[in-house]
Amino acid sequence: MVTEKLYIVMVGLPARGKSTIATRLKENLNKNHIKTRIFNNGQLRRQITRMNTTTPEFYAPDNKTGVELRERIALINLNRAKRYLENNGHVAILDATNVSLKRRIMIASMLKDAPILFIECINNDHSILEASIWRKIMLPEFQNLDKDAAFESFTQRIQYYESIYKPLATERNFIKLDSLNNRILKEEITDTIPYYDLLRDFLVTDTVKNLFLIRHGETTFNLEDRIGGDSSLTAKGMAQAEALARYFTKKKIPVIFTSKKKRTVQTAQPIAAKQKDCVIIPLEEFNEIHSGVCECMSYEEIRKKMPEVYYARRKDKYNYVYPGGEGYITMKERIDRGIKKALYLTGGSDNIMIIGHRAVNRMILSHFLYRRTEDVPYIYIPQDKFYHIVATQTKKLFQLRPYQ
Ligand code: F6P
């Protein structure tokens, strides 16, 4: 019988992945029969106030009305969390920025009935933050602003929070987490924290609930057996994209990641068009292997014109790097970055989709499914089937499925 109680208090600037981590903790704890609930200040603010809270000034530390309202919301959630633990809850997660020392002192003074574990989410990767802000401003609360104004407004909001930000240092129990790489940067634990080992494991494990990994449809280059380039889909490729679109109407796909190449975006477009709210995010991390001096050539041409390249690659495909281009080995870093970006930006969504290329999809598969490196460049990546991947604490699934 589990009886121990715990408060988890999230800390971090906006768009640092706090809610994603909070949701991951909640879902995993609940699966382990540890009753957990999230108390999110932003959500409560949107529920209880009709005030326009998208203007950055609302978050200015010297805006009395804004500060008062946000403190009132924080108090409501603190009281709700307390009541939850007094009743039958085990873990209450307070999800808010909580970046000022003043706020954290207030929290510690109010929550004395159970230990508090502070978790600070840190991510200073500029390109991911930018993409994350673009995702945030798709929330209904920004609908009254045009995209650039909304971006500006959110960036200014972050700056206001930065001006009062005091990283965790003196709190009794805390973890500083690199929330992009799921890595613990620092931990200080003074009290006995229930479920600590479990929580620690959830924090560092990359989870993906349903990843649909698709290769773009047939292209004109595929027909000619040419590699690289930026060719378009053929009529058959378009029909494959339409078939995928029909197949996935049964599922909710909020985001599709593609490369920056036409063929992946053209495959994504019909799928997104058949979904209710779906955005396409092209990432250059998912661009196909760059074959340097061999770009746009066919394998036959390479064999005839550059036999040394052709045979050296055949001998050791994983480690071979095209002159002036890439190899599987040198793609690894960017593909891993792309996966991290995608997981971060989808914030624990149930379904995510990546439309990539042959070599790219092999590398993505090998990220989740251990394969010997020498076998990776030979993984089967067809155009008439997709991979369904699940990688959570309790389930691992890899399925190659037809869509038509
Ligand atoms: O032929 C399609 C393609 O995606 C090329 O653009 C790329 O160079 C190649 O597949 C990667 O496959 P392999 O590593 O087997 O040559």
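The shown structure was predicted, so the numbers you read here are calculated from the model rather than taken from an experiment. (Residues numbered from 1 in each chain as written. Predicted model: local features only at pLDDT ≥ 70, side-chain atom pairs only at ≥ 80, totals over all residues. Heavy atoms only, no water.)

### A closer look at the sheet that holds strand S11 (residues 385-391)
Next up, step 1: Strands sit in the order S9-S8-S10-S7-S11-S12 across an open sheet of 6 strands; the sheet is mixed. With partners counted over all chains shown, the strands left at the sheet margins are strand S9 (279-282) and strand S12 (396-402), one partner each. Sheet twist, expressed as the average angle between the axes of neighbouring strands with direction ignored, equals 20°.
Next up, step 2: Where strand S8 (residues 255-258) meets strand S10 (residues 351-356), 3 bridges bridge the pair, whose relative direction is parallel. Looking at the pairing, Phe257 lines up with Ile354 of S10.
Next up, step 3: In the packing of helix H13 (residues 328-346) onto the sheet, the strands contacted are strand S7 (208-215), S8 and S10, and the crossing angle to S8 comes to about 165°. (Pairing = 2+ DSSP bridges. Helix = DSSP H or I, 4+ residues; strand = E, 2+ residues; numbered from the N terminus. Axes fitted to C-alpha atoms, helices over the stretch in contact; angles between N-to-C directions. Contact = heavy atoms within 4.5 Å.)

### Description of the layout of surface pockets
Unfilled space is identified by rolling a water-sized probe across the atoms.
Next up, step 1: Taken as a whole, the second largest pocket holds about 550 Å³ of empty space.
Next up, step 2: Contributing to the lining of the second largest pocket are 27 residues, with Ile227, Tyr299, Arg313, Tyr322 and Arg358 lying nearest its centre.
Next up, step 3: At the level of secondary structure, the elements contributing two or more residues to the lining of the second largest pocket comprise helix H8 (220-224), helix H11 (299-305), helix H12 (307-315) and helix H14 (358-368).
Next up, step 4: The element that contributes the greatest number of residues to the lining of the second largest pocket is H12, accounting for 4 residues.
Next up, step 5: Class assignment of the residues belonging to the lining of the second largest pocket gives a composition of 11 nonpolar, 6 polar and 10 charged. (1 Å grid on protein atoms, 1.4 Å probe; cavity = no way out; pocket = protein on both sides within 12 Å on 5 of 7 lines; lining within 4 Å. Points joined across faces, edges and corners; volume = space filled by probe spheres on them. Nonpolar A, V, L, I, M, F, W, Y, C, P; charged D, E, K, R; others polar.)

### Thoughts on helix H1 (residues 18-31)
In an α-helix, one full turn covers 3.6 residues, which means residues spaced three or four apart are oriented alike.
Next up, step 1: Here H1 spans 20 Å end to end across 14 residues, near enough to the 20 Å set by a 1.5 Å rise per residue.
Next up, step 2: Taken residue by residue, H1 has Lys18, Ile21, Ala22, Arg24, Leu25, Asn28 and Leu29 as its buried positions. One side of H1 holds all its buried residues, which, seen down the axis, span an arc of 160°.
Next up, step 3: A positive backbone phi angle near 65° is found at His33, which sits one or two residues after H1. (Expected span 1.5 Å × (residues − 1). Buried < 20%, exposed > 50% of the residue type's maximum accessible area, 1.4 Å probe, protein only. Arc of directions from axis to C-beta.)

### Some words on the sheet that holds strand S4 (residues 116-122)
By way of backbone hydrogen bonds, the strands of a sheet pair with one another, either parallel or antiparallel.
Next up, step 1: Taken in spatial order, the 6 strands make up an open sheet running S2-S3-S1-S4-S5-S6, and their pairing is mixed. Whereas interior strands pair on both sides, the edge strands pair on one side only; in this sheet they are strand S2 (36-40) and strand S6 (183-189). The sheet shows a mean angle of 20° between the axes of neighbouring strands, taken without regard to direction.
Next up, step 2: Helix H3 (residues 64-86) rests against strand S1 (6-11), S2 and strand S3 (91-95) of the sheet, and its axis sits at about 170° to S3.

### Describing the site of the ligand
Next up, step 1: Neighbouring residues of the ligand: Arg215, Ile227, Gly228, Glu288, Ile289, Tyr299, Arg313, Lys317, Tyr328, Arg358, Ala359 and Arg362.
Next up, step 2: Tyr328 places a polar side-chain atom, nitrogen or oxygen, 2.6 Å from an oxygen atom of the ligand.
Next up, step 3: If the ligand stood free it would expose 400 Å²; the protein chains cover 95% of that surface.
Next up, step 4: The cavity that encloses the ligand is the second largest pocket.
Next up, step 5: Examining the composition of the shell around the ligand, we find that 3 residues originate from one element, H14, more than from any other.
Next up, step 6: Of the residues contributing to the shell around the ligand, the split by class is 5 nonpolar, 1 polar and 6 charged. (Near = heavy atom within 4 Å. Polar contact = N/O pair within 3.5 Å; in protein donor to acceptor, adjacent residues only side chain to side chain. Areas by Shrake-Rupley, 256 points an atom, 1.4 Å probe, with all protein chains shown as cover. Sits in = over half its atoms within 2 Å of the grid points.)

### Here's the deal with the packing of helix H5 (residues 126-136) against helix H6 (residues 147-163)
Each pair of packed helices can be summarised by the angle the axes make with each other and by the distance between the axes.
Next up, step 1: Close contact between H5 and H6 brings their axes to 9 Å; oriented N to C, the two are set at 115°. Judged by the twist between their axes, the crossing of H5 over H6 is right-handed. The segment H5 lies against H6, with Glu130, Ile133, Trp134 and Lys136 engaging Lys147, Asp148, Phe151, Phe154, Thr155 and Ile158.
Next up, step 2: Residues that form the contact of H5 with H6 fall into these classes: 5 nonpolar, 1 polar and 4 charged. (Left-handed = near helix turned anticlockwise from the far one by under 90°.)

### Examining H12
Next up, step 1: Buried within H12 are the following residues: Val309, Tyr310 and Arg313. The arc that holds every buried residue of H12, seen down its axis, measures 100°, which confines them to one face. Relative to its buried face, H12 has exposed residues pointing more than 90 degrees away, namely Glu308 and Lys315.
Next up, step 2: Contacts from the buried residues of H12 go to H11 and H13.

### As for the packing of aromatic side chains
Next up, step 1: In the structure shown here, the tally under the stated rule is 13 aromatic pairs.
Next up, step 2: Both rings, one in Phe58 and one in Tyr59, keep their centres 4.9 Å apart while their planes meet at 80°; by these two values the pair is edge-to-face. No difference in accessibility class separates Phe58 from Tyr59, as the two residues are buried.
Next up, step 3: Grouped by ring-pair contacts, the aromatic residues Phe212, Tyr247, Phe248 and Phe386 constitute a single cluster.
Next up, step 4: Over the face of the ring belonging to Phe58 we find Arg70, whose NZ or CZ atom lies 5.8 Å from the ring centre.
Next up, step 5: The lysine or arginine in question, Lys317, covers the ring of Tyr378, its NZ or CZ lying 4.6 Å from the ring centre. (Phe/Tyr/Trp six-rings, centres within 6.5 Å; stacked < 30°, edge-to-face > 60°. Lys NZ or Arg CZ within 6 Å of the ring centre and 35° of its normal.)

### Section: the domain arrangement of the chain
Next up, step 1: Annotation of the chain at the domain level lists domain 1 (6-203) and domain 2 (208-402).
Next up, step 2: Look at where the C-alpha atoms of domain 1 and domain 2 centre, and you get two points 35 Å apart.
Next up, step 3: The partner domain 2 presents 12 residues to the 19 residues of domain 1 that form the contact.
Next up, step 4: A combined buried area of about 1300 Å² lies between domain 1 and domain 2, and 59% of that area is made up of carbon and sulfur atoms.
Next up, step 5: In terms of surface lost to domain 2, no three residues of domain 1 exceed Thr20, Ile128 and Arg135, which account for 36% of the buried area on that side.
Next up, step 6: Joining domain 1 to domain 2, the criterion identifies 1 salt bridge.
Next up, step 7: Among the ionic pairs, Glu27 bridges to Lys209, the shortest N-O distance being 3.0 Å.
Next up, step 8: Here domain 1 is connected to domain 2 by 7 residue pairs in polar contact (both at pLDDT 80 or more). (Domains from an automatic or database assignment. Buried area = accessible area lost by both parts, 1.4 Å probe. Salt bridge = Lys/Arg side-chain N within 4 Å of Asp/Glu carboxyl O.)

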